[in-house]
Amino acid sequence: MTTNYDDVKNNLLAMLEELDERLTTITQHVRHLDNEIEKDSEEQVTQNENNEVEDYLGNSARREIKAIKEALVRIDRGDYHICQACGEEINPERLKIIPYSDSCIKCAQQTEK
């Protein structure tokens, strides 16, 4: 199957750029570059909780960045549309919804279990 994935690649690159910007913002917030830690202990608790959420969001962004970069490699290799687990073709509709998916729906469901 020979398919031109230029539009997909451009979409993935745009997603990557947006995630990089988001990750930079999150990292700045966690490091308190934008604001200092409050002296009030209740405010510190709130800030720490916010930092935990931002840390989670940062880790999530890092995972998504990694998946996007791997999808770009698969496009260049020519096996973007192939499930990395079973070797079957990934449904094109799935790739439209999750353009960095590396597995077919069946393998993805098995991984979730």
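Computed from a predicted structure; not experimentally measured.

Draft legend 1. Quick peek at the overall build of the protein chain. Along the backbone of the protein chain there are 4 helices and 0 strands. Taken from N to C terminus, the helices and strands of the protein chain fall in the order α-α-α-α. The proportion of buried residues among the 113 residues of the protein chain is 27%. Taking the contacts inside the protein chain whose residues are at least 6 apart along the sequence as the reference set, 53% of them involve residues at least 24 apart. As displayed, the protein chain offers around 8100 Å² of accessible surface, 48% of which is attributable to carbon and sulfur atoms.

Draft legend 2. Region of the structure containing the side chain of R94. Inspection of the secondary structure puts R94 in helix α3 (residues 92-97). Within the buried set, R94 has no salt-bridge partner at all; the shortest N-O distance to an opposite charge, 6.4 Å, is to D102. Excluding its chain neighbours within four sequence positions, the residues that come into contact with R94 are S101, S103, C104, I105 and A108.

Draft legend 3. Here's a closer look at the environment of L19. With respect to the helices and strands, the residue L19 is situated in helix α1 (residues 6-30). Owing to a relative accessible area of 2%, L19 belongs among the buried residues under this scheme. The residues touching L19, leaving out its near neighbours within four places in the chain, are A61, E64, I65 and I68.

Draft legend 4. Main features of the pattern of salt bridges. With the rule as written, the count across this model stands at 5 salt bridges. Put simply, K9 and D76 hold a salt bridge, and the shortest N to O gap is 2.7 Å. Pair noted here: K9 is in helix α1 and D76 is in helix α2 (residues 41-77), with a separation of 67 residues, a long-range link. Given the relative accessible area of 56%, D76 is considered exposed. Across the pair R77 and D79 runs a salt bridge, and its minimum N-O distance is 3.1 Å.

Draft legend 5. Up close: the nonpolar core. Core analysis: the largest hydrophobic core is formed by 18 residues, its most contacted members being L12, I68 and Y80. If you list the elements that add at least two residues to this core, you get α1 and α2. The element that contributes the greatest number of residues to this core is α2, accounting for 6 residues. Once you skip the residues sitting within four places of it in the chain, I68 turns out to touch L12, M15, L16, L19 and Y100.

Draft legend 6. Summary view of the packing of aromatic side chains. Following the criterion strictly, the structure yields 1 aromatic pair and no others. Plain terms: the ring middles of Y5 and Y80 are 4.8 Å apart, the flat faces sit at 65° to each other, and that makes the pair edge-to-face. In this pair, Y5 is assigned in the segment before α1 and Y80 in the loop between α2 and α3, connecting sequence segments 75 residues apart. Classification of Y80 by relative accessible area gives buried; the value is 1%.

Conventions adopted
- Residues numbered from 1 in each chain as written.
- Predicted model: local features only at pLDDT ≥ 70, side-chain atom pairs only at ≥ 80, totals over all residues.
- Heavy atoms only, no water.
- Helix = DSSP H or I, 4+ residues; strand = E, 2+ residues; numbered from the N terminus.
- Buried < 20%, exposed > 50% of the residue type's maximum accessible area, 1.4 Å probe, protein only.
- Contact = heavy atoms within 4.5 Å.
- Areas by Shrake-Rupley, 256 points an atom, 1.4 Å probe, with all protein chains shown as cover.
- Lys, Arg positive; Asp, Glu negative; His and termini not counted.
- Salt bridge = Lys/Arg side-chain N within 4 Å of Asp/Glu carboxyl O.
- Core = buried A, V, L, I, M, F, W, Y, C linked by side-chain atoms within 4.5 Å.
- Phe/Tyr/Trp six-rings, centres within 6.5 Å; stacked < 30°, edge-to-face > 60°.

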